Amino acid sequence: MAQPEQFAQGLSIGIIMDGNGRWAKKRGLPRTAGHKKGAEVFQDITRYCNEIGVESVYFYAFSTENWSRPVEEVGAIMRLFGEYLIKAFDYEKENNRVVFLGDRTALEPRYQKLMDEIEQKTAHNTGMTLNVAVNYRALAEKVAKGELRPEDIDEAAMCSEMYTHGQKDPDFILRPSGEKRLSNFMLWQAAYSELVEMDVLWPDFTRHDLDLAIEEFNRRTRRFGGI
Ligand code: IPE
Ligand code: IPE
Ligand code: MG
């Protein structure tokens, strides 16, 4: 059988980290326990993607809609996010280029500062690009909600909104937890992404599950409108 390094080389993968709450509920734990485990899985899967030669990965960590959750849950997610920013990652050693997608101005100033620092520090790294989408909402959705008029979408608006500027669009978007929707994730860049949904909750997600997802993607035939 082919090794993961052989079939993951150069891929761009979007990952909607979903199912933390259900994972916790199944165990009679508070939802925040699911987020904690999910954050650990995030770290492990990031390392794995790097090891097997993935070119870029886009993690969906927090959407603009997620602010509607109970304030304690939002607070717990933000604290976890901050924790990971501060200590859990050895950005230098990993050689990842880290990019944060989304409107960071709604986050605590000290987190914003760390995000800027991490991006600057890793900007010239030559390994995988690790994108983390936080307070992320796609441009298309702002237009749909009337927050942005189509005529106001000039190139500058596109570029600033396209936080992913210059990067490869995701070859496939993976959604664990069995849901079959994008929930506003990368609506523009997903135009031709294959969707791979998996019946595993994110905190249970393993390296082997990623192998399976990549295998599934590699079985798909992409036609891009051709025949
Ligand atoms: C994903 O897990 C994490 C975030 C959205 C921040 P959920 O918290 O959505 O977990 P479920 O979908 O309720 O199981
Ligand atoms: C999508 O998950 C957002 C993230 C994983 C960060 P949600 O759990 O918020 O999505 P819905 O509400 O099920 O569509
Ligand atoms: Mg969910």
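Read on for an overview of the structure. The residue count restarts for each chain, going from 1 along the sequence in the order it is written. Chains and ligands are labelled by the order in which they are written, letters from A for the one and numbers from 1 for the other. Residues qualify for local features only when their pLDDT is at least 70, as the model is predicted, and side-chain atom pairs are given and counted only at 80 or more; totals for whole chains, interfaces and linings, by contrast, use all residues. Each side-chain value is worked out from all heavy atoms of the structure, with water and hydrogens disregarded.

1. What to know about the packing of aromatic side chains
Moving on, step 1. Here the aromatic set is Phe, Tyr and Trp, taking the six-membered ring for Trp, and pairing holds for ring centres within 6.5 Å; pairs whose planes are under 30 degrees apart are stacked, those over 60 apart are edge-to-face, and all others are tilted. This model, assessed by the stated rule, comprises 11 aromatic pairs.
Moving on, step 2. Judged by centre distance (4.3 Å) and plane angle (10°), the ring pair of Y60 and F185 falls under stacked. Of this pair, Y60 sits in strand β2 (residues 56–63) while F185 is found in the loop between β5 (172–175) and β6 (194–197), placing the two residues 125 residues apart along the sequence.
Moving on, step 3. Residue class for Y60 comes out buried when judged on its relative accessible area of 6%.
Moving on, step 4. You can call F185 buried: its relative accessible area is 0%.
Moving on, step 5. Here Y192 and F224 contribute two aromatic rings whose centre-to-centre distance is 5.2 Å and whose plane-to-plane angle is 50°, an arrangement assigned as tilted. A residue pair is termed long-range when its members are at least 10 positions apart, and Y192 in the loop between β5 and β6 and F224 in the segment after α9 (207–219) qualify at 32 residues. Counting from the N terminus, the helices are the DSSP runs of H or I reaching at least four residues and the strands are the DSSP runs of E reaching at least two. The buried label goes to any residue with under 20% of its type's maximum accessible area, the exposed label to any with over 50%, and the partly exposed label to all in between, with areas taken from a 1.4 Å probe on protein chains only.

2. Some thoughts on the sheet that holds strand β1 (residues 12–16)
Moving on, step 1. A strand pair is defined by DSSP finding two or more bridges across the two strands. Spatially, six strands are ordered β3-β4-β2-β1-β5-β6 in an open sheet, and the strand pairing comes out parallel. Each of the sheet's edge strands pairs with one partner strand only, and the pair in question is β3 (97–101) and β6. Pairwise comparison of adjacent strand axes, ignoring direction, gives a mean angle of 20° for this sheet.
Moving on, step 2. As defined by bridge partners, β1 adjoins β2 across five bridges and the pair is classed as parallel. Within the sheet, the bridge partner assigned to I13 lies in β2 and is V57.
Moving on, step 3. Its contacts with the sheet place helix α3 (residues 31–51) against β1, β2 and β4 (129–136), and it is angled at close to 165° to β2. Note on definitions: angles span 0 to 180 degrees between N-to-C directions of axes, and those axes are lines fitted to C-alpha atoms, for helices only across the stretch in contact. Only heavy atoms matter for contacts: two residues are in contact if any of them lie within 4.5 Å across the pair.

3. Observations concerning the pattern of salt bridges
Moving on, step 1. A pair is scored as a salt bridge if a Lys or Arg side-chain nitrogen falls within 4 Å of a carboxyl oxygen belonging to Asp or Glu. This model, assessed by the stated rule, comprises 20 salt bridges.
Moving on, step 2. For the salt bridge of E73 with R31, the shortest nitrogen-to-oxygen distance reads 2.8 Å. Highlighted residues: E73 in helix α4 (residues 71–88) and R31 in helix α3, separated in sequence by 42 residues.
Moving on, step 3. Judged by relative accessible area, which is 7%, E73 ranks as buried.
Moving on, step 4. Assessed through its relative accessible area of 37%, R31 is described here as partly exposed.
Moving on, step 5. D171 serves as the salt-bridge partner of R222, at 3.0 Å between the closest nitrogen and oxygen. In this pair, R222 is assigned in the segment after α9 and D171 in the loop between α8 (155–161) and β5, connecting sequence segments 51 residues apart.
Moving on, step 6. Among the residues examined, R222 registers a relative accessible area of 26% and is labelled partly exposed.
Moving on, step 7. Here the salt bridges do not stand alone but share partners, grouping D18, R22, R175, E179 and R181 into one network.

4. A word on the site of ligand 2
Moving on, step 1. We call a residue near a molecule or strand whenever a single non-hydrogen atom of that residue lies within 4 Å of it. Neighbouring ligand 2 are the residues I16, M17, D18, Y60, A61, F62, N66, R69, R175, R181 and S183.
Moving on, step 2. Polar contacts, as used here, are pairs of N or O atoms within 3.5 Å; protein pairs need one atom able to donate a hydrogen and one able to accept it. Residues neighboring in sequence count only if both atoms are side-chain atoms. At 3.2 Å from an oxygen atom of ligand 2 is found a side-chain nitrogen or oxygen belonging to D18.
Moving on, step 3. In this structure, an oxygen atom belonging to ligand 2 sits 3.3 Å away from a side-chain N or O atom of R69.
Moving on, step 4. Using only the protein atoms, space was sampled on a 1 Å grid; points where a 1.4 Å probe fits but cannot get out form cavities, open sets with protein on both sides within 12 Å along at least five of seven lines form pockets, and lining residues are those with an atom within 4 Å of a point. Here the criterion for a molecule occupying a pocket or cavity is that more than half of its atoms lie within 2 Å of the pocket grid points. Here ligand 2 occupies the largest pocket.
Moving on, step 5. Here the shell around ligand 2 gets three residues from one element, more than from any other, and that element is β2.
Moving on, step 6. When grouped by side-chain class, the residues that make up the shell around ligand 2 number five nonpolar, two polar and four charged. Residue polarity is assigned by list, with Asp, Glu, Lys and Arg as charged and Ala, Val, Leu, Ile, Met, Phe, Trp, Tyr, Cys and Pro as nonpolar; anything else, Gly included, falls into the polar class.

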